[in-house]
Every structure is written in C-alpha cells, then in structure tokens.
Amino acid sequence: QFPLGRRLPCDIYWHGVSFHDNNIFSGQVNKFPGMTETVRKITLSRAMKTMQDLFPGEFNFYPQSWILPEELSVFVEEVRTRKDSDPSWKPTFIVKPDGGCQGDGIYLIKDPGDIRLTGSIPSRPAVVQEYLRQPLLVDELKFDIRLYVLLKSLEPLEIYIAKEGLCRFCTEPYQEPTVKNLHQVFMHLTNYSLNIHSGNFIHSDSVNTGSKRTFSSILCRLSSKGADVKRLWSDIISLVIKTVIALTPELKVYYQSDIPAGKPGPTCFQILGFDILLMQDLTPMLLEVNANPSMRIEHEKELSPGVFQTVPSPVDEEVKVAVIRDTLRLVDPQKKKRKDSHLSFHTYLLIFPAQLQSLHAGIAGMKDKQHKHHSLKLSLKLCQSLEQAREASEEPPATPRSPEAALPSPCLKQVFPKYATQFSHLLLVDRVASLFIRFLGVRGTTKLGPTGFRTFIRNCRLSNSNFSMAAADILYIDITRRWNSMAIEKESGSPGMCLQAFMEAFFCLAEKKYKSPKLHEKVSLLTQLCESRLAALHRKRLVWGCG
C-alpha cells in the first residue's frame, strides 16, 4: 500500500475510488478516467435517452426518465397529458439525487407536485423515473441483482460478465405503492446499506438463504418452476452490452483527455456493478451502474448494544473473490511472458486464493484509521501464511504446473467482442464521438470550442446555400449556451460544447440534410458522409505532403 503515492513503475495499480488517486506512469490501472462522472444518474439517463431516440425499442430496459431541474416542466406536462387521456393511470415515480449513493436521498411520489422543493432545486440535480411496480418477488420480498461486469478495454471494446452475482432483498413484504406505504423504504428500496438497518435483516450463513443470496440460487429456484433461465441470461447479456455501448462515447472523451493518443501512459480496466431488477415476466430492467461497487467480504455483527464484531460473509466471499481473482488473471501483464516455474504473483493467488480477498479488502479500505489498521492485519496475515507455506514446502514438484492449471475455472465470461455482430449497429454514437474527439484540438480538453466546430463543418463540407457558416455559428452558440446553463454542466467550469451538446447539433444537421423517417438512418448517412470526406481530405494532404 502506498497512500502517499509511488513513483516507481508497477504492473498493476489498484486505486480505491478514481483514476486520479495517484500519479501513474505506466502499467495498468483498475479505473478509467471519467467513469465516476459517466455513470452518474443524470449522465447515464442522457446517454440512454440518446440511444432510445436513435434505436426505439432496443433500450426499453431502462425506465422512462426526466432530469431535474431542466425537464421539470416537461415532466409535469407529460404526466398531466397522460392522466387526462387515461384517467385509470395511477403512476408512482421515484426521485433519485444525481450524486446520491447507497439509497441516500431517494424517495417515492405519486404526483409531480410532491417533488421536494426545499431550498434551491438547481443545487440538487436529480433523475425522476416511473417506478417499476410489478417486480418479481421471492418469499414475498422485492429484490435486485448486483452483477459484476469487467470493462477490460475501450479500444478495442472488451466486456466480461461474472457468471455469479448477488441478490439483495428488501426486508418487508412487498405491496404495490400507495400513499400510505410510499415512505416504507424497507419495502420498496433494495439497497443493502438501507436494509441492513432493518430489524428483519438476516445475515446469510449460506448462499441461498437470508437477505443477501447468490444469483445462481435464485436461478435454480426459477428453473425448478419452469422459467427459461437461458433466455433470461441472454436478455441480461444484451442489457449489459447495450449499456456499455451507450457509455463508451463519453468515456472515450475523458480517456483521450487524460491519456492522449501517442502519449506513453497506462492502460485501464474497471469492475462495474450493474444493478438489475427482474419484473414478474422475467424482463430485466436496469436500475443503475456503480463505478465503485463494494468489494467487502465481511459485515459487522452486533454482539451487544453498541458492540460490533466484523465477521465473514459467505455470500460476498463466494462472488467477489472470484471476480477479483479472474480480473487479475485477465489483465496479468506477465501471462504471455511467463516461461519458468519460479514463484510469481499468480503463484501467490494459486496457493492462497482465500487471502486475495483479505488483501483486496485492505487495499480498498483506506477511508479511516480503523480501516488502515484492519488492512494492515490482513496484509500481515497474508505474509504469515506465505511464510508458513514456504517452510512447509521441502521439495519442489517434480513436474512444474502452470499457475492457471490449478486455479478454479474462470467466472468471467467474455460477451464482447464475442457477440459483436449482433450489436455492431449500435456503435453509431461511438463513431459520432470519434468525430467530436478529432476536432477537439487542444489536448486535455473535453469540450469543443467555436473554432473546432467551424473546422468540423468546413472540413466535412456541410455548409451550403441552405446552411451557411453563419448558421453553423448560431447553431453552436444556441446549443452550447443551453447546455452550459444546466446545473450539472456548470460543475465542469470550462466553456465550450460537450459531447452531448455536439450529439444534439449533429442530429440537428442530419435532420436538415436527409428526409428519411428514421433518425438513426439520417445520423448514419451523415456519419458516413463526414467519415468519407475526412478520409478524402487526409489522402489529399498526404499527396500534398509528398509533392
């Protein structure tokens, strides 16, 4: 552990919260720059809305959402219109603060007028979603699924899904929301950090009982009742791939800002936590994506009033140890170079897989002195175990075995590029983001200036008698001013056109230029046009250079 940073190069850096925890010069980092910002509730909702506009019907696994404060009036009007047309519609909505975590600040409402307006609403940006009222119940309890997803690389895109996950249960029997039970968080919210404070919370001693269980135990239960578990997994894989594709454009903008192309630097990977709710018909719905999912494998048990003891959690250990172990196996920089049987880092994993969880808990838990003390004890325990094993081993094995051979079979399954052909059409937004990045100009920036936008219009030859350069300037000013007036964009501080604003401008240009009824066809045609004209310009400049 290097809480004050380390200037000597390492193979793998395991940061606690973000890419910027310490200075990094080489190797691989377990965080992507900008991931925390990209999966925030508002940014995720905007990314999903873009994909829903482009590909109607393909992203209906994400609930209808409105962003506060900018879409408050739209939200109020849409609810009023629908109620007028369908008096039987009795909706419930859930309000989620943009920067909230662990269920903090979430509440349910029946009417837009119930949104809490105490103080200044722009200071508390949030997302409002239609509440999913018919979840699948097990033992009359609502639950969600935490699945771990490894984003191994952006270029090329490589995604893995853990074959095992966690199911986190509410602690009060579920009832459809009414005015009387809206406030009962133990009935409606599945957050572990909330339900652990319920008197009904049961710490699990096995993987298929209690308030936290393995996903496989739930799948076995569903399969025994005739459910199509293979189709459910297929739907979940589709949900994960589509969500990551929706997020990668924003991630690439952050990535080029911190690690510009051609500049020596680290590569990145990251474990994400996908929170998924199953509906009664087994349709998976995405609740949110967590950039820093908890990797703790223990919980606190109250021995007497005010006296707690940390005890192992078999369910967490079953799932999380395998995820971390196989992540390290996949990103191992020495995997192809290892020729001999000398004791290596992965041999440590081979001999002591149980200690990996403790070491990781120590690495992750640097928040206070108690955590530091705990991680020190865990690290000492690991060292003692290694020393005992060394002393016990009198003779080397006659036939050296590959470290991989003795490890359990991988729990991480590659889903992309394995299934890339089914989802390649969704990479359209990724191509638009590449155009945006191409014209950013200044390294280290994430926003496009007016000169960069004009250069984009000129180089792609998009101006004509119907759309002049003056009109392009007006389009840039209008869209940029509106996006920069939004609360979440003010936090970034720098002026200019962000990626989502550029997307809006690009869609506007596509609408002006093409008459196709479908938006994605217009955007695809404009993207192809820009790419071909930029390629022709590049070839021409190469010829000029040779001349």
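As recorded in an unreviewed UniProt entry, the protein goes by the name TTL11 polyglutamylase, listed as coming from Rhipidura dahli.

Bringing the overall build of the protein into the picture now. Check the secondary structure of the protein and you find 19 helices and 17 strands. Classification of the 547 residues of the protein by burial places 49% in the buried group. Contacts in the protein between residues far apart in sequence, at least 24 positions, make up 66% of those at least 6 positions apart.

Ordered by their spatial adjacency, three strands build an open sheet running β1-β2-β12, and the pairing between neighbours is parallel. What marks the edges here is a single partner per strand, and that holds for β1 (12–13) and β12 (267–268).

Let us look at the packing of aromatic side chains. Per the stated rule, a full pass over the model turns up 17 aromatic pairs. Aromatic pair Phe-75 and Phe-93: ring centres 5.0 Å apart, planes at 90°, arrangement edge-to-face. With Phe-75 in helix α3 (residues 72–85) and Phe-93 in strand β4 (residues 93–97), this residue pair connects regions lying 18 residues apart in the sequence. On the basis of relative accessibility, which here comes to 0%, the residue Phe-93 falls in the buried class. The ring of Phe-169 is capped by Arg-213, whose NZ or CZ atom sits 4.2 Å from the centre of that ring.

Before going further, it helps to spend a moment on the pairing of strand β8 (residues 141–153). In terms of residue burial, β8 counts as a mostly covered element, since 12 of its 13 residues are buried. Of the pairings in the sheet, the one linking strand β7 (residues 137–138) to β8 comprises two bridges and is antiparallel in character. Note that in β8 the partner of Leu-137 across the bridge is Lys-142. The hairpin formed by β7 and β8 contains two residues between the paired strands, and Asp-139 there has a positive phi angle of roughly 55°. Note: β8 against strand β10 (residues 166–169), four bridges, orientation antiparallel.

Take unusual backbone geometry next. A cis amide bond, omega 10°, links Leu-68 with the succeeding residue Pro-69. Note on placement: Pro-69 falls in the loop between β3 (65–68) and α3. If you check the backbone angles, Asp-139 has positive phi at about 55° while not being a glycine. By the secondary structure assignment, Asp-139 is in the loop between β7 and β8.

With that settled, consider the environment of Leu-189. Within the secondary structure, Leu-189 is located in the loop between α4 (185–188) and α5 (192–195). With residues up to four places along the chain from it excluded, the contact list for Leu-189 reads Ile-94, Ile-106, Leu-108, Cys-170, Leu-194 and Asn-195.

What follows deals with the nonpolar core. One finds Phe-274, Phe-453, Phe-456 and Phe-506 to be the most contacted residues of the largest nonpolar core, which totals 101 residues. Per-element accounting of this core gives the leading share, 14 residues, to helix α7 (residues 229–258). Residues lining this core come from more than one domain, with at least three contributed by each of domain 1 (35–63 + 132–334) and domain 2 (424–544). With residues near it in sequence (within four places) discarded, Phe-274 still touches Ile-145, Arg-146, Leu-147, Val-149, Leu-239, Val-240, Thr-243, Val-244, Leu-286, Glu-288 and Val-289. Counting 18 residues, the second largest nonpolar core, distinct from the first, contains Trp-14, Tyr-148, Leu-150 and Leu-328.

What follows is about the confidence of the model for the protein. On average, residues of the protein score 83 in pLDDT, and 81% of them are at 70 or above. Across residues 118–122 the pLDDT falls below 50, and counting only partners more than four positions away or on other chains, this stretch makes six contacts in the model. Here residues 339–395 is a poorly scored stretch, pLDDT under 50, and it has 56 contacts once near neighbours within four places are set aside; other chains count.

Mapping Asn-30 onto the fold places it in the loop between β2 (28–29) and α1 (35–38). There is a polar contact of 2.6 Å between the side chain of Asn-30 and the backbone nitrogen of His-15. Once you skip the residues sitting within four places of it in the chain, Asn-30 turns out to touch Tyr-13, Trp-14, His-15, Phe-269 and Gln-270.

Within the structure shown, the criterion is met by 26 salt bridges. Two residues, Arg-46 and Glu-70, come together in a salt bridge whose shortest N-O distance is 2.8 Å. In this pair, Arg-46 sits in helix α2 (residues 41–54) while Glu-70 sits in the loop between β3 and α3, placing the two residues 24 residues apart along the sequence. Residue classification places Arg-46 among the buried positions, given a relative accessible area of 9%. A relative accessible area of 31% places Glu-70 in the partly exposed class. Here Asp-473 makes a salt bridge to Arg-454, at a shortest N to O gap of 2.6 Å. Of this pair, Asp-473 sits in helix α16 (residues 469–484) while Arg-454 is found in helix α15 (residues 450–459), placing the two residues 19 residues apart along the sequence. Several salt bridges converge on common partners, so that one network encompasses Asp-144, Arg-146, Arg-168 and Asp-275.

How each quantity is defined
Residues numbered from 1 in each chain as written. Predicted model: local features only at pLDDT ≥ 70, side-chain atom pairs only at ≥ 80, totals over all residues. Heavy atoms only, no water. Helix = DSSP H or I, 4+ residues; strand = E, 2+ residues; numbered from the N terminus. Buried < 20%, exposed > 50% of the residue type's maximum accessible area, 1.4 Å probe, protein only. Contact = heavy atoms within 4.5 Å. Pairing = 2+ DSSP bridges. Phe/Tyr/Trp six-rings, centres within 6.5 Å; stacked < 30°, edge-to-face > 60°. Lys NZ or Arg CZ within 6 Å of the ring centre and 35° of its normal. Core = buried A, V, L, I, M, F, W, Y, C linked by side-chain atoms within 4.5 Å. Domains from an automatic or database assignment. pLDDT = per-residue confidence, 0-100. Polar contact = N/O pair within 3.5 Å; in protein donor to acceptor, adjacent residues only side chain to side chain. Salt bridge = Lys/Arg side-chain N within 4 Å of Asp/Glu carboxyl O.

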